[in-house]
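Here are the chains, one letter per residue:
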Amino acid sequence: MNHNSIERFMNSAKERNSEFMENISSENSNIIEVSHLIKKFGDITAVDDISFSIRRGDIFAFLGPNGAGKTTTIKMLTTLLKPTSGKILIDGSNPATHQDKIRRSFGIVFQDPSLDDELTALENMEFHGCLYRVPKDIRRQRIEELLKFVELWDRRKDLVKTFSGGMSRRLEVARGLIHHPKILFLDEPTLGLDPQTRNHIWTHITQLNKQENMTVFLTTHYMEEAEKIARTIAIIDHGKIIAQGTSAKLKEQTGAPTLEEAFLKLTGTSIRKESADVLDRMRMGRRLWRRKRG
Amino acid sequence: MTTIYILWLRQLKRYFRSKTRIIGSLGQPLLFLIALGFGMGPIYQQARGGKYIDFLAPGIIAMGIIFTGIFSGIEIIWDRQFGFLKETLVAPTSRINIMLGRTLGGATIATFQGLIILCISLFTGFKPHWGPLIPVALVFIFLIALLFTALGTAIASLMDDFHGFQLIINFLIMPLFFLSGALFPLEGLPKPFKTLIAFNPLSYGIDGLRQTLINVQHFGILTDLLVLGSITTIILIIGSWLFSKIQL
């Protein structure tokens, strides 16, 4: 056997193997499955018996007014909160029992900043890479690629506290991708960003979704964003999912010309009361203070 | 191990970057050294003989350590508010390692702070016995640092914000410091007061420091090591448990 035929042989074996693997995983093609999920905080039911599933490689938008239960759901999916009852399966595993496996499989960009201000951009990235045990050479290489991509490579040695809101967000998106997650959770990732930055971030995310078949779970208040990017949309209100499907289906269902109008028809036009806990007030204070500063 | 190391490193980087914090936290011990050391010196000499500054310095070194330790532990509240805690809590690594890394980082900083105060105290007239017990003094410094950083972590795991912070300082840390024999000799004290002091783990830390630095003892070095070591272990375990229970 010469070199080429070995290679051919190896390739065909690889192909067969990957077909085999695909057959196995296609049996369970839903990467996220949630059934009858409930979360109560005292008397308040934040998430009220929701069920949904997300296909592998999908871009799923979770839309709803403030206080509808979006962030609580994300926290339960990402092992930060324990559900009161109900079942969650992520990539075939239960977050309650296979915490580490699940944590390795997703990346997340939180609603609020979660960078260490006193560290540099590069140090924040390194910290994340180490926590997720990405080997050193791969880590260095990916960090460089990602920082160049979000156009922060030149600022890598600057402390994060000198960054603007948009720069921090870009850094957080880059950080969430270092360990090549199968699922990326984005909780209002584009809040307060200019259209250029938003466009930039979404282009990259949709590109990753295509190339790596990475599943994306996002929440946003910008309906045109959801309409443009998401393939499946679920609308949640008062802790319940009230509509689900493609953007076209939701528009058809409500007879509205745009997703925004469909959303308003489904959730009503009244402004929601939000109970702010101590943390929210703190964050608000911090945001205001930051705005005043610059 | 990587987790512990990276969290340890983060604490150190943050510490060495905030020069104002280092200098700021030296102010209080320095004031105590000068005001008490020089102010009470003559009375101490008349009553007991010997230099008060030699007696006082180990207590003030401990003071610097406990405040730095408590603050680094309590920084978790800060991380919680500024969101960074979430980043560490969703990572595929055990909470115990996160807690240990942070606490060791804080303890290293507090140890360092203690050593700075030791150096400063030399300029105010403190003359330690430079002998074979100096490495043991380092062990005591580190143990006190570890105990109070772990205590800070444990407390911070229970608190959502800084509202209770004043309470902790005034009703826990200050009493622990003032009722530890850091400032006065334990001989000849009223019995109930003495008992109270014997229940304070910091008393053993300070006694150990005093014995290793100036060769004055009350409980004995082995008792000191044993009590301080076991209390530190217990607080570390409680702290890890409380930290693992944090939900965001």
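Let us look at the overall build of chain A. When you go through chain A residue by residue, the secondary structure sums to 11 helices and nine strands. Relative to its 294 residues, chain A shows a buried fraction of 36%. A sequence separation of at least 24 residues applies to 69% of the contacts in chain A between residues at least 6 apart.

Moving on, we come to the confidence of the model for chain A. Residues and elements named next belong to chain A. For chain A, the mean per-residue pLDDT works out to 84, and 83% of the residues sit at or above 70. Within chain A, no element has a lower average pLDDT than helix H1 (residues 3–27), which sits at 50, and none a higher one than helix H4 (residues 121–131), at 95. Predicted confidence is poor over residues 19–27, with pLDDT under 50, and the contacts of this stretch with residues over four places away or in other chains come to zero contacts.

Residues and elements named next belong to chain A. If you check helix H5 (residues 136–149), its first and last C-alpha atoms are 20 Å apart, about what 14 residues at 1.5 Å a residue would give, namely 20 Å. Those residues of H5 that fall on the buried side of the exposure criterion are Ile143, Leu146 and Leu147. Projection of H5 onto a plane perpendicular to its axis shows the buried side chains occupying an angular sector of 95 degrees, all on one side. Residues of H5 that are exposed and angled more than 90 degrees away from the buried face: Asp137 and Gln141. Next to the buried residues of H5 lie H4 and helix H6 (165–176). Directly beyond the C-terminal end of H5, a positive phi value near 60 degrees is found at Glu151.

Looking now at the sheet that holds strand E6 (residues 183–187) of chain A. Residues and elements named next belong to chain A. Ordered in space as E5-E6-E7-E3-E8-E9, the six strands form an open sheet in which the pairing is mixed. The open sheet has two free edges, formed respectively by strand E5 (106–109) and strand E9 (240–245), since each of these has just one partner strand. Sheet twist, expressed as the mean angle between neighbouring strand axes with direction ignored, is 15 degrees. Pairing of strand E3 (residues 59–63) with strand E7 (residues 215–219) involves four bridges; the strand directions are parallel. Bridge pairing in E7 places Ala61 opposite Leu218. Running at roughly 150 degrees to E6, helix H2 (residues 70–77) makes contact with E3, E6, E7 and strand E8 (232–237) of the sheet. Relative to E5, H6 is tilted by about 170 degrees, and along the sheet it contacts E5 and E6.

Moving on: the sheet that holds strand E1 (residues 30–41) of chain A. Residue and element names in this part refer to chain A. With antiparallel pairing, the three strands of this open sheet are ordered in space as E2-E1-E4. Of all the strands in the sheet, just strand E2 (44–55) and strand E4 (85–90) have a single pairing partner and so form its edges. Averaged over all adjacent pairs, the angle separating strand axes in this sheet is 15 degrees, with direction ignored.

What follows covers the interface of chain B and chain A. Of the residues lining the interface, 23 residues belong to chain B; the matching set on chain A comes to 27 residues. At the level of secondary structure, the elements contributing two or more residues to the side of chain B that touches chain A comprise helix H1 (2–17) and helix H4 (84–89) of chain B. Looking at which element gives the most residues to the side of chain B that touches chain A, the answer is H1(B), with seven residues. The class makeup of the residues in the side of chain B that touches chain A is eight nonpolar, seven polar and eight charged.

Scoring rules and cut-offs
Residues numbered from 1 in each chain as written. Chains lettered and ligands numbered in written order. Predicted model: local features only at pLDDT ≥ 70, side-chain atom pairs only at ≥ 80, totals over all residues. Helix = DSSP H or I, 4+ residues; strand = E, 2+ residues; numbered from the N terminus. Buried ≥ 20, exposed ≤ 12 C-beta atoms within 10 Å, placed from the backbone. Contact = placed C-beta atoms within 7 Å. pLDDT = per-residue confidence, 0-100. Expected span 1.5 Å × (residues − 1). Arc of directions from axis to C-beta. Pairing = 2+ DSSP bridges. Axes fitted to C-alpha atoms, helices over the stretch in contact; angles between N-to-C directions. Nonpolar A, V, L, I, M, F, W, Y, C, P; charged D, E, K, R; others polar.

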